[in-house]
Every structure is written in C-alpha cells, then in structure tokens.
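Topology and contacts: notes
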Amino acid sequence: MSETPLHPQSHEQVAVAAEWEYDTRALPAVANQVLIQHAMFDGNTGHPTGMYIHLGHVNPPIFKGEVSAGQAQSIAALPVVVVGNFYLPMQSVVALRDSLNEALRNAGVTE
C-alpha cells in the first residue's frame, strides 16, 4: 500500500492510503524501446509541465546464416510496437526518477 499526497486549498499536505489493484494472471508487457518527449512548457517558468513517455518493443529481424555489415545496413527500419503511452506531470516524473534510482541502488546497479 502506498500513500498519495493531496494538496487541499489550504496548501497543507495530507496523505491518503492507496491500494494498488494487481491481477496476478496478467503478463507484463515487454518493452525494449523508450521515447520521452517534453510536454508543453509553462509560460511563467519556462520549464516543461510534464513528459510523455512511450514504451515499445521491437522484435529482431530473422536471418538465415551470417549477415554482413552491408546487408545489415540495407534492412528497412523495424517497426516499434507501442506497449504503453503515458503522460506524467513533472512531480510524477521526479517521483518515478527517485523510485527508479532507489530500485537500481537496491539491485546493486551503480551506473
């Protein structure tokens, strides 16, 4: 269970518990491609208001035998199948970054 911060009109922060629903039968989507785009920029600060994050997957081409560098260069662009499109406000982008950094540290990844 996690807590989701709310920002009421009084500018006090309160936390409300959130319980994630999880279907144990659902297979995770495999993504090996990431595209990140800035959203609109705030006119007052000049900073983006959020980011669009697109996750996709590319299957490798099938080759018979060895492939030369020249043959590899002649291969048409491989289609990326989109498995998820997300818009995150900057506060959520920062929270995602922090969560990923912590998860990587816990997994022993230092770079």
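Here's what I pulled together on the structure shown here. (Residues numbered from 1 in each chain as written. Predicted model: local features only at pLDDT ≥ 70, side-chain atom pairs only at ≥ 80, totals over all residues. Heavy atoms only, no water.)

Let us look at the overall build of the protein chain. Scanning the protein chain from N- to C-terminus turns up 2 helices and 5 strands. What you see in the protein chain, going N to C, is helices and strands ordered as β-β-β-β-α-β-α. Computed over C-alpha atoms, the radius of gyration of the protein chain comes to 20 Å, more than 25% over the 13 Å expected from 2.2 N^0.38 for 111 residues, which places it beyond the range of a compact globule. Here the C-alpha coordinates of the protein chain stretch approximately 65 × 40 × 30 Å along the principal axes. (Helix = DSSP H or I, 4+ residues; strand = E, 2+ residues; numbered from the N terminus. Rg over C-alpha atoms; globule rule 2.2 N^0.38 Å.)

Take the side chain of His 54 next. Positionally, His 54 belongs in strand E4 (residues 50–57). Contact partners of His 54, with chain neighbours within four places excluded, come to Gln 33, Val 34, Leu 35, Gln 37, Gly 84 and Asn 85. (Contact = heavy atoms within 4.5 Å.)

Judged by side-chain polarity, Phe 63, Val 67, Ile 75 and Leu 78 come together as a nonpolar surface patch covering roughly 300 Å² of accessible area. Tracing the backbone through its elements, the reader meets Ile 75 in the loop between helix H1 (69–73) and strand E5 (81–89). Residue classification places Ile 75 among the partly exposed positions, given a relative accessible area of 32%. (Patch = residues over 30% accessible without salt bridge, like charges linked within 9 Å, V, L, I, M, F, W, Y side chains within 5 Å. Areas by Shrake-Rupley, 256 points an atom, 1.4 Å probe, with all protein chains shown as cover. Salt bridge = Lys/Arg side-chain N within 4 Å of Asp/Glu carboxyl O. Buried < 20%, exposed > 50% of the residue type's maximum accessible area, 1.4 Å probe, protein only.)

Within a pair of aromatic rings, the relevant descriptors are the distance that separates the centres and the angle that separates the planes. Inspection of the entire model under this criterion finds 1 aromatic pair. Each ring, one from Tyr 52 and one from Tyr 87, has its centre 5.1 Å from the other, and the planes form 55°; the classification is tilted. Here Tyr 52, found in strand E4, pairs with Tyr 87, found in strand E5; they are 35 residues apart in sequence, far enough to count as distant. For Tyr 87, a relative accessible area of 38% gives the class partly exposed. (Phe/Tyr/Trp six-rings, centres within 6.5 Å; stacked < 30°, edge-to-face > 60°.)

In this section: the sheet that holds strand E3 (residues 33–38). Sheet strands associate in pairs through backbone hydrogen bonding, adopting either a parallel or an antiparallel arrangement. Pairing within the open sheet is antiparallel, and its 3 strands lie in the order E3-E4-E5. What marks the edges here is a single partner per strand, and that holds for E3 and E5. Each adjacent strand pair in this sheet contributes to an overall mean axis angle of 15°, direction not counted. Note: E4 against E5, 8 bridges, orientation antiparallel. (Pairing = 2+ DSSP bridges. Axes fitted to C-alpha atoms, helices over the stretch in contact; angles between N-to-C directions.)

Enumeration according to the criterion identifies 2 salt bridges in this entry. Arg 25 is the salt-bridge partner of Asp 23, the closest N and O atoms lying 3.2 Å from each other. Exposure remark for Arg 25: the relative accessible area of 71% places this residue in the exposed category. Of the charged contacts in the structure, one is a salt bridge between Arg 97 and Asp 98, with a shortest N-O distance of 3.0 Å.

On to the environment of Tyr 52, then. Since its relative accessible area comes to 37%, Tyr 52 is described here as partly exposed. Expressed as a C-alpha distance, the spacing of Tyr 52 and Trp 20, which sit 32 residues apart in the sequence, is 22 Å.

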